[in-house]
Amino acid sequence: MAIKKYLRLFLINLVSFWLVAKLIEGVSYSGGFQTLAWAALALMIVNLTVKPLINLLLLPINLITLGAFRWLVNVLALYLVTLVVPQLKISAFLFPGFNYQGFIIPPVYLAIFWVLVIASFLISLITSFFLWLAE
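These numbers come from a predicted model, not from an experiment.

Criteria and thresholds
- Residues numbered from 1 in each chain as written.
- Predicted model: local features only at pLDDT ≥ 70, side-chain atom pairs only at ≥ 80, totals over all residues.
- Heavy atoms only, no water.
- Helix = DSSP H or I, 4+ residues; strand = E, 2+ residues; numbered from the N terminus.
- Contact = heavy atoms within 4.5 Å.
- Areas by Shrake-Rupley, 256 points an atom, 1.4 Å probe, with all protein chains shown as cover.
- Expected span 1.5 Å × (residues − 1).
- Buried < 20%, exposed > 50% of the residue type's maximum accessible area, 1.4 Å probe, protein only.
- Phe/Tyr/Trp six-rings, centres within 6.5 Å; stacked < 30°, edge-to-face > 60°.
- Axes fitted to C-alpha atoms, helices over the stretch in contact; angles between N-to-C directions.
- Parallel < 35°, antiparallel > 145°, perpendicular 65-115°, else oblique.
- Left-handed = near helix turned anticlockwise from the far one by under 90°.
- Core = buried A, V, L, I, M, F, W, Y, C linked by side-chain atoms within 4.5 Å.

(A) Quick look at the overall build of the protein. Looking only at helices and strands, one finds five helices and six strands in the protein. Going residue by residue from the N terminus, the α and β elements of the protein occur as α-β-α-α-α-β-β-β-β-β-α. Its C-alpha atoms give the protein principal-axis dimensions of roughly 50 × 40 × 30 Å. A separation threshold of at least 6 residues defines the contact pool for the protein, and within that pool the share at least 24 residues apart is 62%. As presented, the protein carries roughly 8800 Å² of accessible surface, and 74% of it is formed by carbon and sulfur atoms.

Here it is as structure tokens:
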């Protein structure tokens, strides 16, 4: 039963990385499916082992801010994955902007930190959605 849960989590992480790489220009990978598989495995291991330790270390900050810095744990986990899987690249890029029926987002340069924040947010959002579907 546990193997089924880990396999499902691995596949969901794999799809999440693939979608984020397609959606965000600053997230890329070389090596094809194998790199995505290693990244998904690394994220699964980091989420199961290292993330609880990071949560414990950041507990005072989370208590003071009432959990507002919980997103920082996901950013650190994604950064650790990029260190373990060197074919997964997260780089700064220029967002060209967006304009739709009066709703305007101007062009902005996103540094590596902000790309990590956006990518970790999207990965957690996609993962949560697919885990919700799988229940």
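This is not the end of the story, as more comes after the structure.
(B) Helix α5 (residues 112-134), seen in detail. Its 23 residues place the ends of α5 32 Å apart at the C-alpha level, agreeing with the 33 Å of an ideal helix rising 1.5 Å per residue. Among the residues of α5, Val115, Leu116, Val117, Ala119, Ser120, Leu122, Ile123, Ile126 and Thr127 are the ones counted as buried.

(C) Representation of helix α1 (residues 2-23) within the structure. Over its 22 residues, α1 runs 31 Å from end to end, which matches the ideal 32 Å to within 8%, given 1.5 Å per residue. Within α1 the residues assigned to the buried category are Leu9, Phe10, Ile12, Asn13, Leu14, Ser16, Phe17, Val20 and Ala21. On its buried side, α1 packs onto β1 (27-29), α2 (33-57), α4 (71-84), β2 (88-90) and α5.

(D) Region of the structure containing the packing of aromatic side chains. Considering all chains together, one arrives at six aromatic pairs under this definition. Relative to Trp114, the ring of Phe113 lies with its centre 5.0 Å away and its plane at 75°, an arrangement referred to as edge-to-face. A relative accessible area of 47% means that Trp114 is categorised as partly exposed. When the ring of Phe129 is compared with that of Trp132, the centres are 6.0 Å apart and the planes differ by 35°; the resulting orientation is tilted. Note that Phe129 and Trp132 are positioned in helix α5 at a spacing of three residues, about one turn of the helix. Overall, the relative accessible area of 59% leaves Trp132 in the exposed class.

(E) Main features of the packing of α1 against α2. Closest axis-to-axis distance for the α1/α2 pair is 8 Å, and the angle between their directions is 120°. Judged by the angle between their axes, α1 and α2 are oblique. At the point where α1 passes α2, the crossing takes the right-handed sense. The segment α1 lies against α2, with Tyr6, Leu9, Phe10, Asn13, Leu14, Phe17 and Trp18 engaging Phe33, Leu36, Ala37, Ala39, Ala40, Leu41, Leu43, Met44 and Leu48.

(F) Region of interest: the nonpolar core. Phe17, Val20, Ile24, Val27 and Val81 are the most contacted members of the largest nonpolar core, which has 32 residues in total. Secondary-structure elements contributing two or more residues to this core are α1, α2, α4, β2 and α5. The greatest single-element share of this core, amounting to eight residues, is contributed by α2. Look past the residues within four positions of Val81 in its chain and what remains in contact with it is Phe17, Ala39, Ala42, Leu43, Val46 and Leu88.

(G) Summary view of unusual backbone geometry. The phi torsion at Leu66 lies on the positive side, around 55°, for a residue other than glycine. Turning to its location among the elements, Leu66 is positioned in the loop between α3 (59-64) and α4. Residue class for Leu66 comes out exposed when judged on its relative accessible area of 79%. The backbone phi angle of Gln101 is positive, close to 50°, even though this residue is not glycine. On the secondary structure map, Gln101 appears in the loop between β4 (98-100) and β5 (103-105). On the basis of relative accessible area, Gln101 is assigned to the exposed category, the value being 73%.

Purely spatial values, then, with no claim about function.
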